[in-house]
Amino acid sequence: MSISSRRIVLLACGSFNPTTVMHLRLFELARDHLRLEKNCHVARGIISPTSDAYEKKGLAAGHHRVAMARLAAATSGWDSLVVDQWEVDQPKWTETAKVMRHFQTELDKDSQLKLKLLCGGDLLESFAVPNLWSEEDVNAPRIG
């Protein structure tokens, strides 16, 4: 399969409270790994800040987190890194699997694009928290 036929969109969900250099570095590392090791082209990166309804102490207002993420993306040196505000605009917290389904539905218009979730350490740790992830989401069919 040629590199042009294996196009990936990277999605990172989270509070982005604030967006840090390490968030941006996660995108860079994933992009470089997929290109060098898997012969894939990362067509886009999406930063998706969570809704204000997410119960996290000290969570800045969504419009501020979106603005910070947009500034970070603009200075990242990667023109295809975007901030999407669909998730932050939701009236309640949205599970990661549902956010992925939303973006996959958007990407289905271009059958060449495959969605991949970027997981930071905090998200990975959450997999070990009992009853945090629904059984349906843990065992969801592979997206992308």
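No experiment lies behind these values; they were computed from the predicted model shown.

Q: Would you mind going over the overall build of the protein chain in detail, with residue names and values included?
A: Across its full length, the protein chain holds five helices and four strands. Secondary structure elements in the protein chain, listed N-terminal to C-terminal, are β-α-β-α-β-α-β-α-α. Compactness check: the protein chain gives a C-alpha radius of gyration of 15 Å against a globular reference of 15 Å for 144 residues, within 12% of the reference. Residues counted as buried form 35% of the 144 residues belonging to the protein chain. Taking all contacts inside the protein chain whose residues are at least 6 apart in sequence as the whole, residues at least 24 apart take part in 74%. For the protein chain, the accessible surface area stands at approximately 8700 Å², while carbon and sulfur atoms represent 54% of it. Between the centroid of the 18 positive side chains of the protein chain and the centroid of its 18 negative side chains there is a distance of 5 Å.

Q: Any details on helix α2 (residues 62-74)? Residues and values, ideally.
A: Here α2 contains 13 residues, and its C-alpha end-to-end distance of 18 Å stays within 8% of the 18 Å for a straight helix at 1.5 Å per residue. Along α2, the positions that sit buried rather than exposed are Gly62, Arg65, Val66, Ala69, Ala72 and Ala73. Buried residues in α2, looked at end-on, bunch into an arc of 125°, giving them a common side. Away from the buried face of α2 by more than 90 degrees, exposed residues His63, Leu71 and Ala74 are located. Its buried side turned inward, α2 meets α1 (21-38), β2 (41-49) and β3 (81-83).

Q: Explain the nonpolar core to me, using residue names and the numbers behind them.
A: Membership of the largest hydrophobic core comes to 20 residues, with the highest contact counts inside it found for Leu10, Phe27, Ile47 and Leu81. Taken together, the elements giving at least two residues each to this core come down to β1 (7-14), α1, β2, α2 and β3. Those residues in contact with Leu10 that sit more than four places away from it in its chain are Phe27, Ala30, Arg31, Leu34, Val42, Arg44, Gly45, Ile46, Trp78, Lys116 and Leu118. Membership of the second largest hydrophobic core comes to 10 residues, among which are Leu11, Val99, Leu113 and Leu115.

Q: Provide a residue-level description of the pattern of salt bridges, including the pertinent values.
A: For the structure on display, the rule yields six salt bridges. The partner of Asp32 in a salt bridge is Arg31, with the nearest N and O atoms 3.5 Å apart. Given a relative accessible area of 25%, Asp32 falls into the partly exposed group. For Arg31, a relative accessible area of 22% translates into the label partly exposed. The closest approach of N and O atoms between Asp32 and Arg35, which form a salt bridge, is 3.4 Å. One end of the pair is Asp32 and the other is Arg35, both in helix α1 and three residues apart, which spans about a single turn. Here the residues in one salt-bridge network are Arg31, Asp32 and Arg35, joined through shared partners.

Q: Any chance you could break down unusual backbone geometry for me, citing the residues and the numbers?
A: Residue Pro18 is reached from Asn17 by a cis peptide bond, and omega for that bond is 5°. Looking at the element boundaries, Pro18 is found in the loop between β1 and α1. Phi is positive for Phe16, close to 50°, though the residue is something other than glycine. Secondary-structure assignment places Phe16 in the loop between β1 and α1. Since its relative accessible area comes to 3%, Phe16 is described here as buried.

Reading guide: rules and limits
Residues numbered from 1 in each chain as written. Predicted model: local features only at pLDDT ≥ 70, side-chain atom pairs only at ≥ 80, totals over all residues. Heavy atoms only, no water. Helix = DSSP H or I, 4+ residues; strand = E, 2+ residues; numbered from the N terminus. Rg over C-alpha atoms; globule rule 2.2 N^0.38 Å. Buried < 20%, exposed > 50% of the residue type's maximum accessible area, 1.4 Å probe, protein only. Contact = heavy atoms within 4.5 Å. Areas by Shrake-Rupley, 256 points an atom, 1.4 Å probe, with all protein chains shown as cover. Lys, Arg positive; Asp, Glu negative; His and termini not counted. Charge placed at Lys NZ, Arg CZ, Asp CG, Glu CD. Expected span 1.5 Å × (residues − 1). Arc of directions from axis to C-beta. Core = buried A, V, L, I, M, F, W, Y, C linked by side-chain atoms within 4.5 Å. Salt bridge = Lys/Arg side-chain N within 4 Å of Asp/Glu carboxyl O.

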